[in-house]
Amino acid sequence: MMVSQGISFEALGIGKGAERDRRKIWRTFAEHYHLYRGTPSRLWVDHALSVVFGIPQRLSVETADDTFDAINEKLLQDDYRPRALYDRFGIEVIATTDGALDDLKWHDEARQSDWSGRVVPTYRPDAVTDPEFEGFAENLIRFGEITGCDTSSWTGYLEAHRTRRKFFLSKGATATDHGHPTALTADLTSSEAETLWRRINSGDATAADAEVFRAQMLTEFARMSCEDGLVMQLHAGSHRNHNDHVFGAYGRDRGFDIPRRTGFVEELRPLLNAVGMDTRLTLVLFTLDESTYARELAPLAGAYPSLRLGPPWWFHDSFEGMRRFREATTETAGFFNTAGFNDDTRALCSIPARHDVARRCDCAYLAELVTTHRLDEDEAFALAPLLANGLARETYKL
Amino acid sequence: MMVSQGISFEALGIGKGAERDRRKIWRTFAEHYHLYRGTPSRLWVDHALSVVFGIPQRLSVETADDTFDAINEKLLQDDYRPRALYDRFGIEVIATTDGALDDLKWHDEARQSDWSGRVVPTYRPDAVTDPEFEGFAENLIRFGEITGCDTSSWTGYLEAHRTRRKFFLSKGATATDHGHPTALTADLTSSEAETLWRRINSGDATAADAEVFRAQMLTEFARMSCEDGLVMQLHAGSHRNHNDHVFGAYGRDRGFDIPRRTGFVEELRPLLNAVGMDTRLTLVLFTLDESTYARELAPLAGAYPSLRLGPPWWFHDSFEGMRRFREATTETAGFFNTAGFNDDTRALCSIPARHDVARRCDCAYLAELVTTHRLDEDEAFALAPLLANGLARETYKL
Amino acid sequence: MMVSQGISFEALGIGKGAERDRRKIWRTFAEHYHLYRGTPSRLWVDHALSVVFGIPQRLSVETADDTFDAINEKLLQDDYRPRALYDRFGIEVIATTDGALDDLKWHDEARQSDWSGRVVPTYRPDAVTDPEFEGFAENLIRFGEITGCDTSSWTGYLEAHRTRRKFFLSKGATATDHGHPTALTADLTSSEAETLWRRINSGDATAADAEVFRAQMLTEFARMSCEDGLVMQLHAGSHRNHNDHVFGAYGRDRGFDIPRRTGFVEELRPLLNAVGMDTRLTLVLFTLDESTYARELAPLAGAYPSLRLGPPWWFHDSFEGMRRFREATTETAGFFNTAGFNDDTRALCSIPARHDVARRCDCAYLAELVTTHRLDEDEAFALAPLLANGLARETYKL
């Protein structure tokens, strides 16, 4: 947001020769806090400052220094340590996403400690399934070493995934996650897949090969989920790193990932023809293209036993986004084909705000149904806790 | 909906070896009635149970048996016979859709009986215009026999349609209906059309030929409508039978028809260039892709004298669907380019509920216009009956 | 609207042999005024009649003649002359759009008169950048003559644009405007561009060449904007002259321009990679495809410093259109990446109504934010004048 208004990345502490004085960076943020008016970021920061840190005044250029000091003071206190906040926030479980090559040692440490919180890993294999990922060739070599599988063959490569999934399961994982540019799936014959894999593995793959390979892997992962019970998540439709200069100078995840039109009907068909009717599979779909809510996603989730709709994602994890989601999906998919609320924040202190927004929006929607006589009041009371966490608990087998 | 939550088709009485005990199937439905919360199906069933059958309590696993008995008891009574319900519901006309090969004998029987209700046929020729329809070749042979036209020639084939349309007109039809995967139209020269028809008729047509042929037939039907006055309806954009297994095991119409992105601007242009300005033509457009309401359909209907927008269709025949339809189309197309409400249910007892929802939603929208000073109150009162049935009566020449 | 309901163009005074009696045409309009119920046109005409002309009664067939007389009487008065209305309406500036070949003599006259109003030109070069524009070849010849540049070379052609832009700047222009069928941009190497230009200039260009050329010119104009400071506007996505008969018989701008699906993410990327991070550039984007608001436009404007979102355009310059715009864009782009309100009417008397609608809709949205505790009341008061005109003043460097 600040970059979009002409503030440099450097002034925000990002890039070579960037500002390193945190107080100064904070002041820059406070000075431009009005830019966030009407955005969910504003709601989250307000909530964190007031509820989590107990700071009474609104952030502004006048209050920037006092607020900075107050936060720093709190952060030195024991009850602002991450585990204390986890308890205070009433969190039941946090799931991290971890690469297929990750040794999950931090998860081991956490579980072996005297702490009772629950942090589980999630299998996110993009770095060894997306031929266009940076370092793909090296990743594959390491993938073979870690698993002891002969990844030069198609069956060996699939076996390596099964091995790693078992490892993740043993560390508490209940789900996998897949971030793809599109929702395309494929269901090749094994000889076609073997041939394609040879091209991928040899580094001779074209962009079209890469797309088909990612598509095929979604179907393979859906089959593995039927076997080992890991819940599958698909996050589709982001054009990553839209600007070459920003990517070159500042790297990934700098606010330049832009949603694009995403189709699910033809795209998911190969996977759904293969295992879509299998009740062992749970596939949770996330989209950045709201035009698919009523047109494609709700009808698909309202038909296939394997499908659930994930909560409004990313840009749509917001007041209006949640309202539109319920209004567009409920009439066709109902509530029970949705996955309940989960947020995907990296900012610990924003968790209470995000869940608060979700609970309020969902309850407002239920209240709207009751006051327009589309739902009885006792049913709204029964649904509210399911939308808040019951459905998430069930969908993710927690 | 129940299948999407893991209930088998067999438990619902569908397929080989399916449950045949209707009471048991009804119990399964009642047990899962909560799945429908927030959906139009829920509203319709609630309305039918309470208003049509006079059952006071909400359907649940506890009330399932009593409700089952109460319904069965009522259905034995004379005033629950279809014609009695027709009168009680205040229905003015029911239009059926009938294949081009149908002899319409049931319509004859109804008209020749002492009953004063009005049931008219509608010409739905998909089985003899869609080369990908099951049994297309046999249908064509029968089409020639029935009409006495030489359907091996393009002009003979068109003449056969004209003949059947006349027959339908003589039985009370006022409209035709066309269900197409897309809204594509074409306007080939007669020699191009003749050549295409020869490939279609010989069974040598490719998928691309089939698409162009369907497209061409829409324009031909629009021309015939100019001549014989039958109102033309286009229902475009459903991907039928999305799942191979469900289609193979349980057949058509099992809840696995999924909407897809649908375009109208380039697609309808050949037809509209041919006869779109002809005031004798009425073409009513239905879509499952709401993103086209404001972007494509309202601007087209707000320009072409031949076009009317059909009411929100299928998944969108709902509270939110109707609201979105009015909000997205009225400002550009106004009210008078919409076709008024008609539902396309096969469930007789849901008719009052559907019209009740439509009347309430449309009146709520009118009230919103009045309270925000966008419409005078006397105008809202003038519009309400038009939206409820006046525009439908006029559009369909009833 | 009236044509869509079967009124002929001729009855509206358009075309050969058309009705010439203005009173009769006005009566036809009054007789069909109910067709406009629920549309913005209705709001504008109502507002103009009551507020601008002081006519108390609603327009109808009964009041048609009296209203006609009352308007004509007012139009003879000095305080209904355009400059008087400009003052009375509180207009600060009007920007016209002018072709690259225009001599801007009317602007000279206005500035040299004793009038203190501000009317500035806007550089709209479509007639010399779109190879499919009527008279393109002749326009190019004239373009070379006016500028004294050798437009047979690519660099000479670009120089001619720079020359004309300087001329427009000297006459008070602050912006350029570009009306394109799509938002496609390109960034060819100079030798590729030179080769393409030679084909374009020789008249040998294909439709694909024309599309790439228009795309390339958008990037060139963005570069020029970095140099000379003219704000760039892109209006993309209209399918002009949808009906051949209407275009042939009645010409352009007869209500048969239909929006089409428009993409911005891949399409704008070449331009944005070239100069999107340059803070000297302001590119204001307008769309007719509302599905891009939340999915594409808000994320782009919320990232790139050069981008601003123009107000809801054309069909969407309406109550519902403005509400949807704010609801779909604010959470991601905020308010400060939008351009404030400007209307693009040709009807002087509708200006107050349009701004009134915009102010009311924006204030209603702000009030909604305040009452749902998403914004503090003092912030809403600070934002209201910015949305009404402050952001427009800043965006367009007025």
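What you are looking at is a predicted structure, and each value in this text was computed from that prediction instead of being measured.

**Q** Give a detailed account of the relation of the copies chain B and chain A, specifying residues and quantitative values.
**A** The two copies are related by a screw operation: chain B maps onto chain A through 120° of rotation and 0.0 Å of translation along the axis, at an RMSD of 0.0 Å. Here the two chains are linked by the operation of a three-fold rotation axis. Of the C-alpha atoms belonging to chain B, the one lying closest to the rotation axis is found on Ser291 of chain B, 3.8 Å away. Interface residue correspondence from chain B to chain A reaches only 2%, placing this contact among heterologous pairings that use different surfaces.

**Q** Can you break down the domain arrangement of chain A residue by residue, with the values?
**A** By a widely used convention, the size of an interface equals the accessible area lost when the partners come together. All names here are of chain A. For chain A, the assigned domains read domain 1 (1-80) and domain 2 (81-396). Computed over C-alpha atoms, the centres of domain 1 and domain 2 are 30 Å apart. The partner domain 2 presents 19 residues to the 17 residues of domain 1 that form the contact. Here domain 1 packs against domain 2, burying approximately 1,500 Å² in sum over the two surfaces, 69% of which is carbon and sulfur. Summed over the three residues of domain 1 that lose the most area to domain 2, namely Phe9, Trp44 and Tyr80, the buried surface amounts to 40% of that side. The interface formed by domain 1 and domain 2 contains 0 salt bridges.

**Q** Tell me about the packing of aromatic side chains, and name the residues and values.
**A** Taken as a whole, this structure holds 70 aromatic pairs over all chains when the rule is applied. Arranged with centres 6.4 Å apart and planes meeting at 45°, the rings of Phe9 of chain A and Phe256 of chain A form a pair that is tilted. Of this pair, Phe9 of chain A sits in the segment before helix H1 (22-31) while Phe256 of chain A sits in the loop between helix H11 (244-250) and strand S8 (258-259), placing them 247 residues apart in sequence. The exposure class of Phe256 of chain A is buried, given its relative accessible area of 4%. Centroid distance Tyr123 of chain C to Phe168 of chain C: 5.0 Å. Interplanar angle 75°. Geometry classified as edge-to-face. Placement of Tyr123 of chain C in strand S4 (residues 123-124) and of Phe168 of chain C in helix H8 (residues 154-170) is noted, with a sequence separation of 45 residues between them. In this structure Phe168 of chain C comes out as buried when scored by relative accessible area, which is 0%.

**Q** Let's hear about the pairing of strand S9 (residues 283-287) of chain B: which residues, and what values?
**A** Residue and element names in this part refer to chain B. A large share of S9 lies buried, amounting to 5 of its 5 residues. Every second residue of S9 is oriented toward a common face, with Leu283, Leu285 and Thr287 on one face and Val284 and Phe286 on the other, all of them buried. Across 5 bridges, the pairing between strand S6 (residues 231-236) and S9 is parallel. Its bridge partner being in S9, Leu234 is matched across the sheet by Leu285.

**Q** Got a sec to walk through the relation of the copies chain C and chain A? Specific residues and values, please.
**A** Once turned by 120° and shifted 0.0 Å along the axis, chain C lies on chain A with an RMSD of 0.0 Å. A distinct binding surface is used by each copy, with only 2% of the interface residues of chain C retained as interface residues in chain A.

**Q** Please provide a residue-by-residue account of the interface of chain C and chain A, values included.
**A** Chain C puts 40 residues into the contact, and the matching count from chain A is 40 residues. Buried surface at the junction of chain C and chain A, both sides included, amounts to about 3,400 Å², of which 52% is carbon and sulfur. On the chain C side of the contact with chain A, Arg295, Glu331 and Arg374 of chain C bury the most area, a combined 22% of that side's loss. Our count for the contact surface shared by chain C and chain A stands at 11 salt bridges. Among the salt bridges present, the one from Glu379 of chain C reaches Arg42 of chain A, with a minimum N-O distance of 2.8 Å. At the junction of chain C with chain A, the criterion picks out 23 residue pairs in polar contact (both at pLDDT 80 or more). Secondary-structure elements contributing two or more residues to the side of chain C that touches chain A are helix H12 (269-275), helix H13 (291-301), helix H14 (319-333), helix H15 (351-371) and helix H16 (377-395) of chain C.

Each value, and the rule that gives it
- Residues numbered from 1 in each chain as written.
- Chains lettered and ligands numbered in written order.
- Predicted model: local features only at pLDDT ≥ 70, side-chain atom pairs only at ≥ 80, totals over all residues.
- Heavy atoms only, no water.
- Least-squares fit on C-alpha atoms with pLDDT ≥ 70 in both.
- Contact = heavy atoms within 4.5 Å.
- Domains from an automatic or database assignment.
- Buried area = accessible area lost by both parts, 1.4 Å probe.
- Salt bridge = Lys/Arg side-chain N within 4 Å of Asp/Glu carboxyl O.
- Phe/Tyr/Trp six-rings, centres within 6.5 Å; stacked < 30°, edge-to-face > 60°.
- Helix = DSSP H or I, 4+ residues; strand = E, 2+ residues; numbered from the N terminus.
- Buried < 20%, exposed > 50% of the residue type's maximum accessible area, 1.4 Å probe, protein only.
- Pairing = 2+ DSSP bridges.
- Polar contact = N/O pair within 3.5 Å; in protein donor to acceptor, adjacent residues only side chain to side chain.

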